[in-house]
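Fold and geometry: a report
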Amino acid sequence: MLLTFLFLLLLLGIVGLIFIPSSQKLIMRQFALGITSAVFVSSLFLWLGFDQSTPKFQFVVDSLWLPLANINLILGVDGISLFFILLTTLIFPICLLASWSFNKGKVKPYLISFLGMEFVLLLVFTNLDLLFFYIFFEAVLIPMFLVIGIYGSRERKIRAAYMFFLYTLLGSLFMLIGIIYIYLFAGSTNYEALSVINFSSYDQKWLWFAFFASFASKVPMLPVHIWLPEAHVEAPTAGSVILAGLLLKLGSYGFLRFSLGLFPLASVYFTPFIFSLSLLGVVYTSLTAIRQTDLKRLIAYTSVAHMNLVIIGLFTGTVIGVEAAILQSLSHGFVSSALFLIIGVLYDRWHSRVVKYYGGLTYTMPIFIIIFLFFTMANLGLPGTSSFIGEFLLLVSAFEANSTACFFAAISMILGGGYSLWLFNRIAYGNIKMIGFDLSFREFMVFLPLVLGTLFMGIYPNLFFSAMHATVSNLVWVDLWL
């Protein structure tokens, strides 16, 4: 019932926005923020009522959809999906609060697009049927395409929107072919039913590649990462936050849920391929980030590097590696979202994202610089922050799986320190190039939950590990047994 309540709240928000007159912009913003805040508070009860001792799906909602074809819409929550749901419900009210003064274009379609995205993302993270997963997985593209194409900041926004749409759509067509084959082979697309079916080694390998094509473009992995920097640069600030904080997690979630869950033999077989591709992505995008002059493009490349590190942890085949990858995904959702919001603060004041135009902000915006320093340190893995826990455990698990892979993965931390500290130094110190007012109360409240979440996850990660441990242990144990 709790999951149903979340979706009903969001549907109420979308319908309510439709009937509010377009001239009442403030009321629409307040209504949308109230709905997303209520959804976040309600989602916390999923965590409070979650039974950590079992790997089974909880809060299950089973709706008959195509009973004759044995295809039903089934929703459920386990230790893997729980925190992705909480991250989703937290990020959206932050985005709406951050874009409170955003007035480029009509407000109503903008707000409806964000509530629609939240609705579909929650369906993706809770879905237990492959066919419906694919439908909602692709449906996310529509509102984000509109946000980038309509509310983007520059003339290249249409090109960026089409790059985002086509890259991710074409990759997912292979997954659709795989789902059709699975249905013809097993007679069902139910995830729990398929998890006990032993596909042959040959079937697993080509099905794994079909799903890989879709998830790799979402992470994104090389060479299908080209759309991400372009989409980030052109998207409004809130759109960039959703892209980095949530949409990239669809790739890691898909790998974890389906590639590892349904095709364990193929996952082991292709682990060297994944390691090689991910390490290449980590080093290449880190080096590329160092030479960027656009603030958004720089952070976009760092997102690719961090998410490729997450993929390495997922394919180590160890409980600690998978748990660290999930925690690092959550940490990236906090830290990267905050960095894009920081860039948004600068862009709102001076309408420029070129690094060389900024300097000396320590003297004019001290509170802003303190928050910027905190998330810069979190981005490079400072002890006490969530990124340190995730990255350290990822490297430990990578060393157990392949010491060479661990060595090259560790280089990312050195490169991360290079581009993070150099960027901060150029923005915070030097000659004062622009004079502006410090963070407002609203802007400070946007960053506060992200700061607290990053600290809490870094200081007390066991609270998160304990909730996901039973599910991850069951997944890894079954994979090894098979």
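First things first, this report covers the structure right here in the doc. What you see is a predicted model, and the numbers here were worked out from it, not measured in a lab.

Counting secondary structure elements, the chain contains 22 helices and 2 strands. Its C-alpha radius of gyration of 21 Å places the chain within 12% of the 23 Å reference for a compact globule of 482 residues. Counting all 482 residues of the chain, 62% fall into the buried class. Only carbon and sulfur atoms are counted for the fraction: they give 72% of the accessible area of the chain, which is about 18,100 Å².

Bringing helix α2 (residues 25–48) into the picture now. Over its 24 residues, α2 extends 35 Å from the first C-alpha to the last, a length consistent with the 34 Å expected when each residue adds 1.5 Å. All of the buried residues in α2 are Met28, Arg29, Ala32, Leu33, Ile35, Thr36, Val39, Ser42, Ser43 and Leu46.

Below, the discussion takes up the nonpolar core. With 172 residues, the main nonpolar core has Phe114, Ile242, Phe368 and Phe375 as its most contacted residues. For this core, the element with the highest residue contribution is helix α16 (residues 319–350), accounting for 17 residues. Setting aside residues up to four positions removed in sequence, Phe368 forms contacts with Ile342, Val345, Leu346, Leu361, Asp438 and Leu439.

Applying the stated rule across the entire model yields 49 aromatic pairs. With centroids separated by 5.2 Å and ring planes inclined at 75°, the aromatic side chains of Phe145 and Tyr162 adopt a geometry described as edge-to-face. You can see Phe145 sitting in helix α6 (residues 141–151) and its partner Tyr162 sitting in helix α7 (residues 157–186), a full 17 residues away along the chain. Tyr162 gets classed as partly exposed once you look at its relative accessible area, which sits at 45%.

Moving on to the environment of Phe174. Looking at the secondary structure, you find Phe174 in helix α7. Sequence spacing of Phe174 and Ile94 is 80 residues, and the spatial spacing of their C-alpha atoms is 34 Å.

With that settled, consider the packing of helix α14 (residues 271–290) against helix α20 (residues 403–428). Interhelical geometry of α14 versus α20 gives an angle of 20° and a closest axis separation of 9 Å. Taken together, the axes of α14 and α20 are roughly parallel relative to one another. In this structure, α14 crosses over α20, and the sense of that crossing is left-handed. Of the residues in α20, those in contact with Phe275, Leu279, Val282, Val283, Ser286, Leu287, Ala289 and Ile290 of α14 are Ala405, Phe408, Ala409, Ser412, Leu415, Tyr419 and Trp422. Each residue belonging to the contact of α14 with α20 can be placed in one class, and the counts come to 13 nonpolar, 2 polar and no charged.

Looking at where Ala32 falls in the secondary structure, it is placed in helix α2. Taking the C-alpha atoms as reference, Ala32 lies 9.1 Å from Phe114; in sequence the two are 82 residues apart.

This paragraph deals with a nonpolar patch on the surface. On the surface, Ile158, Tyr162, Leu166, Leu170 and Leu173 cluster together to form a nonpolar patch covering roughly 460 Å² of accessible area. Residue position: Ile158 is located in helix α7.

Another point: the side chain of Ser252. Looking at the secondary structure, you find Ser252 in helix α12 (residues 249–262). Its relative accessible area of 3% is what places Ser252 among the buried residues. A distance of 3.1 Å separates a polar side-chain atom of Ser252 from the backbone oxygen of Lys249. Those residues within four positions of Ser252 in sequence are excluded, and the remaining contacts are Phe84, Val219, Met307, Val310, Ile311, Leu314 and Ser329.

Reading the values: the criteria
- Residues numbered from 1 in each chain as written.
- Predicted model: local features only at pLDDT ≥ 70, side-chain atom pairs only at ≥ 80, totals over all residues.
- Heavy atoms only, no water.
- Helix = DSSP H or I, 4+ residues; strand = E, 2+ residues; numbered from the N terminus.
- Rg over C-alpha atoms; globule rule 2.2 N^0.38 Å.
- Buried < 20%, exposed > 50% of the residue type's maximum accessible area, 1.4 Å probe, protein only.
- Areas by Shrake-Rupley, 256 points an atom, 1.4 Å probe, with all protein chains shown as cover.
- Expected span 1.5 Å × (residues − 1).
- Core = buried A, V, L, I, M, F, W, Y, C linked by side-chain atoms within 4.5 Å.
- Contact = heavy atoms within 4.5 Å.
- Phe/Tyr/Trp six-rings, centres within 6.5 Å; stacked < 30°, edge-to-face > 60°.
- Axes fitted to C-alpha atoms, helices over the stretch in contact; angles between N-to-C directions.
- Parallel < 35°, antiparallel > 145°, perpendicular 65-115°, else oblique.
- Left-handed = near helix turned anticlockwise from the far one by under 90°.
- Nonpolar A, V, L, I, M, F, W, Y, C, P; charged D, E, K, R; others polar.
- Patch = residues over 30% accessible without salt bridge, like charges linked within 9 Å, V, L, I, M, F, W, Y side chains within 5 Å.
- Salt bridge = Lys/Arg side-chain N within 4 Å of Asp/Glu carboxyl O.
- Polar contact = N/O pair within 3.5 Å; in protein donor to acceptor, adjacent residues only side chain to side chain.

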